[in-house]
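As a plain string of letters, each chain reads:
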Amino acid sequence: MSIFNFFTEQILGMKWLSDLINLFVENVLNLNVSSRIGGSVQFFIYDTIKIFILLAVLIFFISYIQSYFPPEKTKKILTKFKGVTGATISALLGTVTPFCSCSSIPIFIGFTKAGLPLGITFSFLISSPMVDLASLLLLSSFFGMKISILYVVLGLIIAIVGGTIISKINMENEIKVYTEETRELYDESENFNQKQRLDYALNDTKIIVKNVYKYVIIGVGIGALIHNWIPQDVILAILGSNNPFSVVIASVIGIPMYADIFGTIPMAEALFMAGVPIGTVLAFMMSVTALSLPSIIMLAKVVKPKLLTIFVIIVTVGIMITGYLFNYFGLYLM
């Protein structure tokens, strides 16, 4: 086995943990992992432990990186760029910022208050919840490195194109005056020494795990239900490759939900294991993370209906195009 395969299967994929949980379920709980109950228990225990291990490690690492990019420093960086270059830099900076849209919106508000161009702020808002370094590694642990890299690249393209389009239609008057107080996340980290950065990363890890653990557990529970209790024929009839509208349906299903990338992946994994095409699965994931109803409600406090509608349309179309591209080329990527 090559070092890369070992890293993908044993470190990211945690095959050793899967084998250990199989032994526990069959020899300690006396359940057959091939049965519905045994399979559900195995899926729930394995995915929960796996995600929380990856969650803690990745958030610590990302939070450490975030400490170098407090909002004020990010604003200073972004003011130096305009147009497509600005949208690109903004989208890339979004990859090292909070993990869900509801956490990104306060920073977005700060950017608009600072007078940054709309295109730049929206590129950040799109990329921040949908694409980050943690999602790259988490996705690779479930779907492989090729899929995860392409997911991140296409997510960045959606953010860059979306921000560029918004910058071209001159809708600065569609921003509301926001008077409520917002908290500048990790603003104090500008001048940290190394010990303070490590302490900050550890504290941030505790806070984020505390905030997202319920979504992870709910997501894993739904994933176990999909994987072992909902007939595969039913899932494929709705989201299978024979349904040309499967990507559209998956995108629409994801909007009313609210979860970050960590809670969404176990549901996506279960759908993929049931035979749902990879593009349809990733369209569902993108929809949940970038267009969840709670985040849209929050965003409505900052932008007027016309701009909000344009934002939703641009992101939705981008997600659907990404889904269909993955479905078309997916066989070459697996």
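Residues numbered from 1 in each chain as written. Predicted model: local features only at pLDDT ≥ 70, side-chain atom pairs only at ≥ 80, totals over all residues. Heavy atoms only, no water.

Asker: I'd like a rundown of unusual backbone geometry, residues and numbers included.
Answerer: Its identity as a non-glycine residue notwithstanding, N30 has a phi of 55°, on the positive side. By relative accessible area, N30 is classed as exposed at 61%. (Buried < 20%, exposed > 50% of the residue type's maximum accessible area, 1.4 Å probe, protein only.)

Asker: Describe in detail the packing of aromatic side chains, supporting the description with residues and values.
Answerer: Aromatic rings considered in pairs are described by the distance between their centres and by the relative angle of their planes. Within this structure, the stated rule accounts for one aromatic pair. Consider the rings of F122 and F311, whose centres lie 5.5 Å apart with planes at 45°: the pair is tilted. In this pair, F122 sits in helix α7 (residues 118-130) while F311 sits in helix α16 (residues 305-333), placing the two residues 189 residues apart along the sequence. Judged by relative accessible area, F122 falls into the buried class, the value being 0%. (Phe/Tyr/Trp six-rings, centres within 6.5 Å; stacked < 30°, edge-to-face > 60°. Helix = DSSP H or I, 4+ residues; strand = E, 2+ residues; numbered from the N terminus.)

Asker: Break down the pattern of salt bridges for me, with residues and values.
Answerer: All told, the structure shown has one salt bridge when counted by the stated rule. Put simply, D199 and K195 hold a salt bridge, and the shortest N to O gap is 2.8 Å. Here D199 and its partner K195 are both found in helix α10 (residues 194-228), four residues apart, which amounts to about one turn of the helix. Relative accessible area serves as the criterion here: at 39%, D199 is assigned to the partly exposed category. (Salt bridge = Lys/Arg side-chain N within 4 Å of Asp/Glu carboxyl O.)

Asker: Outline the side chain of N243, listing residues and values.
Answerer: Relative to the helices and strands, N243 resides in the loop between α11 (232-239) and α12 (246-254). Those residues in contact with N243 that sit more than four places away from it in its chain are A237, I238 and I249. (Contact = heavy atoms within 4.5 Å.)

Asker: Go over the nonpolar core with me, naming the residues and quoting the values.
Answerer: Grouped together as the largest cluster of nonpolar side chains are 74 residues, with contacts concentrated most on F122 and F311. The element that contributes the greatest number of residues to this core is helix α14 (residues 278-291), accounting for ten residues. Here F122 is in contact with F108, I166, V303, L307 and F311, once residues within four sequence places are set aside. Residues F111, L116, I120 and F124 belong to the second largest nonpolar core, which totals seven residues. (Core = buried A, V, L, I, M, F, W, Y, C linked by side-chain atoms within 4.5 Å.)

Asker: Explain the environment of T316 residue by residue, including any values.
Answerer: Turning to its location among the elements, T316 is positioned in helix α16. Judged by its relative accessible area of 16%, T316 falls in the buried class. In this structure, the C-alpha to C-alpha distance between T316 and M286, residues 30 residues apart in sequence, is 9.1 Å.

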